[in-house]
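# A look at the structure
Take a look at the letters that make up each chain.
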Amino acid sequence: MTRSLLEPKLTSRSMKVMKSRSNSLQIAIKLNEINKIGKSSKMPIRGGNRLSRREPFESGARRQYRFGEYELDLERGGLRRAGEEITLRAKSFDVLAVLVERNGRLVTKADLIDAVWPDTSVADNSLAQCILEIRRAIDDEAQQMIRTVARRGYIFEAAVTSPPVEFPKTPALAPMLVEPPARRLNRRVLGWAALTLAVALAAILALATIRRPVPNAALSFTQITSFTDSAVNPVLSPDGKMLAFYRSDRSFFTSDQVFVKMLPDGEPVQLTHDPRPKYGLAFSPDGSLIAYTAISDTGFDTYTVSSLGGESRLFLPNAAGLTWLDAHTLLFSETKRLPNMGIVTSTESRSESREIYFPAYQRGMAHYSYASPDRQSVLVVEMNPDWLPCRLVPWTGSSAGRQVGPSGACTSAAWSPDGEWMYFGAAVNGKRHLWRQHFPNGQPEQITFGPAEEDGIAVAPDGRSLITSVAMKQGAVWIHDAKGDRAVSTEGYAHGADDDFSPPLFSGDGKRLYYLSSHSPDSATELRRLDLDSGQSGPLLPGISIRTFDISRDEKEVVFATQPDGQTSQLWLAPLDRSGAPRRIAAGGEAFPHFGPDGQVLFRMSDGKALYLERMRLDGSGSIKVVPFQILNFKIASPDRRYAVVFAPALQPSAGHVVDTLAIPIAGGPVRRICALCEVAWSADGRYLYLTMGASSRDDPAGKTLAIPVPPGESLPALPEAGIRDGAEALEIPGARIVAHSDISPGPDPSVYAYVQAAVHANLFRIALR
């Protein structure tokens, strides 16, 4: 049974309706409770961490709060900055009031919805829109007053002050302030009760202050590199005197080169000239070698280069994310049967090899591993196929261990030299920051905050600091045509395939462009449509966060994937003219949807162990596998809906490669090999097939794409029987030509295309630890 995405979320909450604008406990309520003690021998108990419904404000207290340059007046219902009124919608004002009055404490999403919408069923998106409006009103991108706690709620981080509260002795209050004789016997009891309550509250606040994360302003940042482009993936030599890194804006699968720098003030020196995709860096125990992982048709191999410069040499095949434990013992990732990759240890000759951890999921790939100083535990960074939270496993390999760190996409980890702390670089709620967790059973604590993002962790040998890459990111959609290159989205952040989102998509006639964009890191990633003739652009499904999508050929419907916090991926179908509500058609982890033939939807599906290409009807029924073998990812469907393109384990691994890009006939028939792990796209009218032949890098910022004409009535060009092996072979196909850009969204012909230009500026900083 389908459910509308915009259908309100049902609630069983049944609390009193608020009668005034603010939504937390009132001073008057507290006074009333104290007076009620005299009527009963029992102290009233408040319910846990839940927010109470507001009751009528009965005192003359003026409730004002100040934070930074702002003043929040709850009685008059105003927010001001330096005396100037700031306009907020009523519900946004209510949300801010709750957060400010409970500053320093976690307020869950459920509590906020309870407090602000007491008798109304609303979706989480209503709350998200209020938070977004508040952030803009108080310039939260710059000041970072509100912290998002993944899948739980929000904490108001700014210091909050309020003027002293005076209670005038008006006739109305006189009965409350003068006790009758019968109650005076309880006065001492009340005094001790109040004192005990105050001490308990002070202790709780003190503990909250101790656990409260330290904002960036309290951290000491020392800049180490000052490139006009970017530096990522820092690693320190064992003595802490040399720093190696990639001069790139990508830390994973980068085609850029390895650099080394003597600390503190040495000049950066390029070490490698290797065009292959790479990741991972590690120094040998004596600091003489730097290891990195290179990816080719044959798989993942470890190469080394001298820290003084020279040629790169193959160090260990079928080895990735390699680190040295001592002069003879290694820790690295090994592939058993692609794509399953796990953690093993061995000597350099691969003797004494022993498995430590392999993901149970066949698609699982453990790319990085970090042994604890006492060699009893290992931190693992893995994907499946998206990045997962980090994992802690025993060195003995006796179990699969457990997840540690924040509940987000973890891409880097490290240990303190004494083994007391685990460090993580993880993306939570769309923002990538550094976290730490006390070993073995502490709670994750966020270290860095703010609009910049951090990733990569190199802890100094003395444990008093770490080095990380600090980046600012912006993305815009650009179009290339006869007029040249121009940006068509200039606000917010546009998403593309590099972010694991759908790339922009042209309409069949090339007059409209569909793309994904978000206003801020905390806002929804919305589907937008640009009219190329008028230049007008707007959201199609406002407030709905979309990860991947496809547009029907008649441009009347969109099928898309979304993933609410704490849930598996879901598929939805919606009319583009908003004539009806979106309908959920699947909620079992289905992803990467595309329209198929005959009223069907193609998608990627997991059975708990592997990924498969499946199809179902538009109402969500009749799901079946398109082919019986497992895939690595589903990329795109041909415009005529006859073929689906997937990454899959090589059909003939002995041919010297391990991954194929395959064209699978949806109606059945022989599978066609297109190439060895290349990105594929079609023009919207199906007249051209595009293959990415060279990723962008510092040496070739744009990259290259091959455009191959498709004969009329066909879905694919006349490819070699074994597929395309290299660009030179592809250029022999009649009509093939080079497009001087990679990762493009094709237009009507090779002279017109769109692409997402990500502006990333990242440098390395040392952060002092406390």
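Presented here is an overview of the structure given in this document. Worth saying up front: this structure is predicted, and the values here are computed from it rather than measured. (Residues numbered from 1 in each chain as written. Predicted model: local features only at pLDDT ≥ 70, side-chain atom pairs only at ≥ 80, totals over all residues. Heavy atoms only, no water.)

## Some thoughts on helix 2 (residues 90-101)
- Taking 1.5 Å as the rise per residue, helix 2 with 12 residues should run 16 Å; its terminal C-alpha atoms sit 17 Å apart, in good agreement.
- The buried fraction of helix 2 amounts to 10 of the 12 residues, a majority that puts the element mostly inside the structure.
- All of the buried residues along helix 2 are Ser92, Phe93, Asp94, Val95, Leu96, Ala97, Val98, Leu99, Val100 and Glu101. (Helix = DSSP H or I, 4+ residues; strand = E, 2+ residues; numbered from the N terminus. Expected span 1.5 Å × (residues − 1). Buried < 20%, exposed > 50% of the residue type's maximum accessible area, 1.4 Å probe, protein only.)

## Details of the sheet that holds strand 17 (residues 313-316)
- The strand order across the open sheet built from five strands is 11-14-15-16-17, with neighbouring strands paired in antiparallel fashion. Looking at the sheet topology across the chains shown, the edges are occupied by strand 11 (252-254) and strand 17. In this sheet, neighbouring strand axes are inclined to one another by 45° on average, regardless of whether the strands run parallel or antiparallel. (Pairing = 2+ DSSP bridges. Axes fitted to C-alpha atoms, helices over the stretch in contact; angles between N-to-C directions.)

## Structural notes on the state of the cysteines
- This structure, assessed with the given rule, holds two disulfides.
- Paired through a disulfide, Cys675 and Cys678 show a sulfur-sulfur distance of 1.6 Å. In this structure the cystine formed by Cys675 and Cys678 twists about its S-S bond by roughly -80°; its chirality is therefore left-handed. An identical accessibility class is assigned to Cys675 and Cys678; each is buried.
- Each disulfide of the chain joins two cysteines, and with those cysteines numbered along the sequence the arrangement is 1-2, 3-4. (Disulfide = S-S within 2.5 Å.)

## Considering the side chain of Ser507
- Here Ser507 shows up in the loop between strand 34 (505-506) and strand 35 (512-518).
- From its side chain, Ser507 meets the backbone nitrogen of Lys511 in a polar contact 3.3 Å long. (Polar contact = N/O pair within 3.5 Å; in protein donor to acceptor, adjacent residues only side chain to side chain.)

## Side note on the environment of Ala231
- Its place among the elements puts Ala231 in the loop between strand 8 (221-223) and strand 9 (232-236).
- Judged by its relative accessible area of 0%, Ala231 is buried.
- Apart from the residues within four sequence positions on either side, Ala231 is in contact with Thr225, Phe245, Tyr246, Arg247, Ser248, Ser469, Ala762, Asn763 and Leu764. (Contact = heavy atoms within 4.5 Å.)

## Looking at the sheet that holds strand 45 (residues 624-625)
- Strand order in the open sheet formed by four strands is 42-43-44-45, and the pairing between neighbours is antiparallel. The open sheet has two edge strands, strand 42 (591-595) and strand 45, and neither has a second partner.
- Inspection of the sheet shows strand 44 (residues 611-617) paired to strand 45 by two bridges, in the antiparallel sense. If you follow Arg615 over to strand 45, its bridge partner there is Ile624.

## Observations concerning helix 3 (residues 109-116)
- Of all eight residues in helix 3, seven are buried, a share of seventy percent or more.
- All of the buried residues along helix 3 are Lys109, Asp111, Leu112, Ile113, Asp114, Ala115 and Val116.

## Remarks on the pairing of strand 36 (residues 526-531)
- Strand direction decides the pairing type here: strand 35 and strand 36, joined by six bridges, are antiparallel. Each residue of the ladder has a partner; that of Leu513, found in strand 36, is Leu530.
- In terms of strand pairing, strand 36 meets strand 37 (residues 537-539) through three bridges, oriented antiparallel. Each bridged residue has a counterpart across the sheet, and for Leu530 the counterpart in strand 37 is Ser537.
- What sits between strand 36 and strand 37 in their antiparallel hairpin is a turn of five residues, with Gly535 showing a positive phi close to 80°.

## Things to note about the nonpolar core
- With 33 residues, the main nonpolar core has Phe67, Leu72, Leu79, Val95, Leu99 and Phe156 as its most contacted residues.
- Within the residue set of this core, elements represented by two or more residues are strand 1 (64-67), strand 2 (70-73), helix 2, helix 3, helix 4 (124-137) and strand 7 (153-156).
- When residues of this core are assigned to their parent elements, the largest contribution, seven residues, is made by helix 2.
- Other than its neighbours up to four places away in sequence, Leu72 contacts Arg63, Gln64, Tyr65, Phe67, Gly78, Leu79, Phe93, Leu96, Ala97 and Val100.
- Phe300, Val381, Trp415 and Ala426 belong to the second-largest nonpolar core, a separate cluster that totals 26 residues. (Core = buried A, V, L, I, M, F, W, Y, C linked by side-chain atoms within 4.5 Å.)

## With respect to the packing of aromatic side chains
- Scanning the entire structure with this criterion turns up 20 aromatic pairs.
- Ring centres of Trp478 and Tyr755 lie 6.5 Å apart, and the angle between their planes is 15°; on these two criteria the pair is classed as stacked. Separated by 277 residues along the polypeptide, Trp478 in strand 31 (residues 465-481) and Tyr755 in strand 55 (residues 753-768) bring together distant segments of the chain.
- On the basis of relative accessibility, which here comes to 26%, the residue Trp478 falls in the partly exposed class.
- Taking the relative accessible area as the measure of exposure, Tyr755 reaches 5% and is therefore buried.
- Relative to Tyr690, the ring of Tyr688 has its centre 6.3 Å away and its plane inclined at 45°; by these criteria the two rings are tilted. Side by side, Tyr688 and Tyr690 carry an identical accessibility label, which is buried.
- An aromatic cluster is built from Phe252, Phe253, Tyr279, Phe300, Tyr368 and Trp387, whose rings are joined through pairwise contacts.
- Directly above the ring of Phe358 sits Lys336, whose terminal nitrogen or CZ lies 4.6 Å from the centroid. (Phe/Tyr/Trp six-rings, centres within 6.5 Å; stacked < 30°, edge-to-face > 60°. Lys NZ or Arg CZ within 6 Å of the ring centre and 35° of its normal.)

## With respect to the side chain of Ser248
- Mapped onto the elements of the fold, Ser248 is located in the loop between strand 10 (242-246) and strand 11.
- Within the structure, the side chain of Ser248 is placed 3.0 Å from the backbone nitrogen of Arg250, a separation counted as a polar contact.
- In this structure the side chain of Ser248 is engaged in a polar contact, spanning 2.8 Å, whose partner is the side chain of Asp256.
- In this structure, Ser248 is in contact with Ser230, Ala231, Val232, Thr254 and Asp256, ignoring residues within four places of it in sequence.

## Quick word on the pattern of salt bridges
- Evaluation of the coordinates by the stated rule reveals 22 salt bridges.
- Linked through salt bridges whose partners overlap, the residues forming this network are Arg66, Glu71, Asp73, Arg80 and Glu85. (Salt bridge = Lys/Arg side-chain N within 4 Å of Asp/Glu carboxyl O.)

## What about the packing of helix 2 against helix 3?
- Here helix 2 crosses helix 3 at 125°, and the two axes come no closer than 10 Å. Considering their axes alone, helix 2 and helix 3 lie oblique with respect to each other. As helix 2 runs across helix 3, the sense of the crossing is right-handed. Of the residues in helix 3, those in contact with Lys91, Asp94, Val95, Val98 and Leu99 of helix 2 are Leu112, Ala115 and Val116.
- Taken together, the residues of the contact of helix 2 with helix 3 sort by class into six nonpolar, no polar and two charged. (Parallel < 35°, antiparallel > 145°, perpendicular 65-115°, else oblique. Left-handed = near helix turned anticlockwise from the far one by under 90°. Nonpolar A, V, L, I, M, F, W, Y, C, P; charged D, E, K, R; others polar.)

## Examining the environment of Leu388
- By the element assignment, Leu388 lies in the loop between strand 23 (377-383) and strand 24 (391-394).
- On the basis of relative accessibility, which here comes to 23%, the residue Leu388 falls in the partly exposed class.
- Note: C-alpha distance between Leu388 and Cys410 (22 residues apart in sequence) is 5.9 Å.
- Apart from the residues within four sequence positions on either side, Leu388 is in contact with Glu382, Met383, Gly408, Ala409 and Cys410.

## Notes on unusual backbone geometry
- Residues Leu263 and Pro264 are joined by a peptide bond in cis, for which omega reads 10°.
- Positive phi outside glycine occurs at Arg350, with the angle close to 70°.
- Summarising the element assignment, Arg350 is placed in the loop between strand 20 (340-347) and strand 21 (354-357).
- Residue Phe592 is not a glycine yet carries a positive backbone phi of 50°.
- Counting through the fold element by element, Phe592 comes out in strand 42.

## Quick notes on the environment of Asp685
- Note on placement: Asp685 falls in the loop between strand 50 (680-682) and strand 51 (688-694).
- Considered as a pair, Asp685 and Asp749 are 64 residues apart in the sequence and their alpha carbons are 9.2 Å apart.
- Those residues within four positions of Asp685 in sequence are excluded, and the remaining contacts are Gly508 and Pro748.
- A distance of 2.8 Å separates a polar atom in the side chain of Asp685 from a polar atom in the side chain of Ser683.
- Of note is the side chain of Asp685, whose polar atom sits 2.8 Å from the side chain of Arg687.

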